[in-house]
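Here is what each chain is made of, one letter per residue.
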Amino acid sequence: MIEVAAVVIRNPQGHVLTVRKKSSTKYQLPGGKPEAGEALVDAALREVAEEVGLTLDAESLNKLGTFDAPAANEPGEVVVGTIFTYTRTVTADEPHAAAEIGDTAWVNPAAPDRELAHLLRDRVFPTLA
């Protein structure tokens, strides 16, 4: 079981910010694994800053839920993601790929146009609908 924390960030059109690691073909939410002793909300904030350069504040996050699905990048593993929603909108030119991220994309959750990680496709997007 792989524990992660991630954030649903939307633009003014309601599309969700996704990231694709350089080593993957699947897009997922910005976020990642917590460090030892790190709270999930703090891990989510740190990972978003590292991956897409956005500094979010904890007061603007709401917990959407905790979901599990097959891991996108570790075959045979299950990922358990605690997902937060960011209550503010972000403009399309603010985030940028950094660290291990190869690409970012704004995805319409009602009509995804790229290959998505199972957690995002099967658990998070249906919950947002």
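The rules we used
- Residues numbered from 1 in each chain as written.
- Predicted model: local features only at pLDDT ≥ 70, side-chain atom pairs only at ≥ 80, totals over all residues.
- Heavy atoms only, no water.
- Core = buried A, V, L, I, M, F, W, Y, C linked by side-chain atoms within 4.5 Å.
- Buried < 20%, exposed > 50% of the residue type's maximum accessible area, 1.4 Å probe, protein only.
- Helix = DSSP H or I, 4+ residues; strand = E, 2+ residues; numbered from the N terminus.
- Contact = heavy atoms within 4.5 Å.
- Pairing = 2+ DSSP bridges.

Undergrad: An account of the nonpolar core is requested, with residue identities and associated values reported.
TA: Counting 19 residues, the largest nonpolar core has Leu29, Ile83, Leu119 and Val124 as its most contacted members. When contributions to this core are tallied by element, the ones reaching two or more residues are strand E1 (2–10), strand E5 (61–70), strand E6 (78–89), strand E7 (101–107) and helix H2 (118–128). For Val124, the contacting residues outside a window of four places in its chain are Val8, Leu29, Leu64, Phe67, Ile83 and Leu119. Formed by 18 residues, the second largest nonpolar core is a distinct cluster that contains Ala5, Val7, Leu17 and Val48.

Undergrad: Summarise the pairing of E1; cite the residues concerned and give the values.
TA: Where burial is concerned, most of E1 is hidden: seven out of the nine residues are buried. As paired strands, E1 and E6 are joined by eight bridges and run parallel to one another. Each residue of the ladder has a partner; that of Arg10, found in E6, is Thr89.

Undergrad: Can you explain the environment of Ala39? Please cite residues and give values.
TA: Among the structural elements, Ala39 can be located in the loop between strand E4 (31–32) and helix H1 (40–52). For Ala39, a relative accessible area of 36% gives the class partly exposed. Sequence separation of Ala39 and Ala5 is 34 residues, and the distance between their C-alpha atoms is 9.3 Å.

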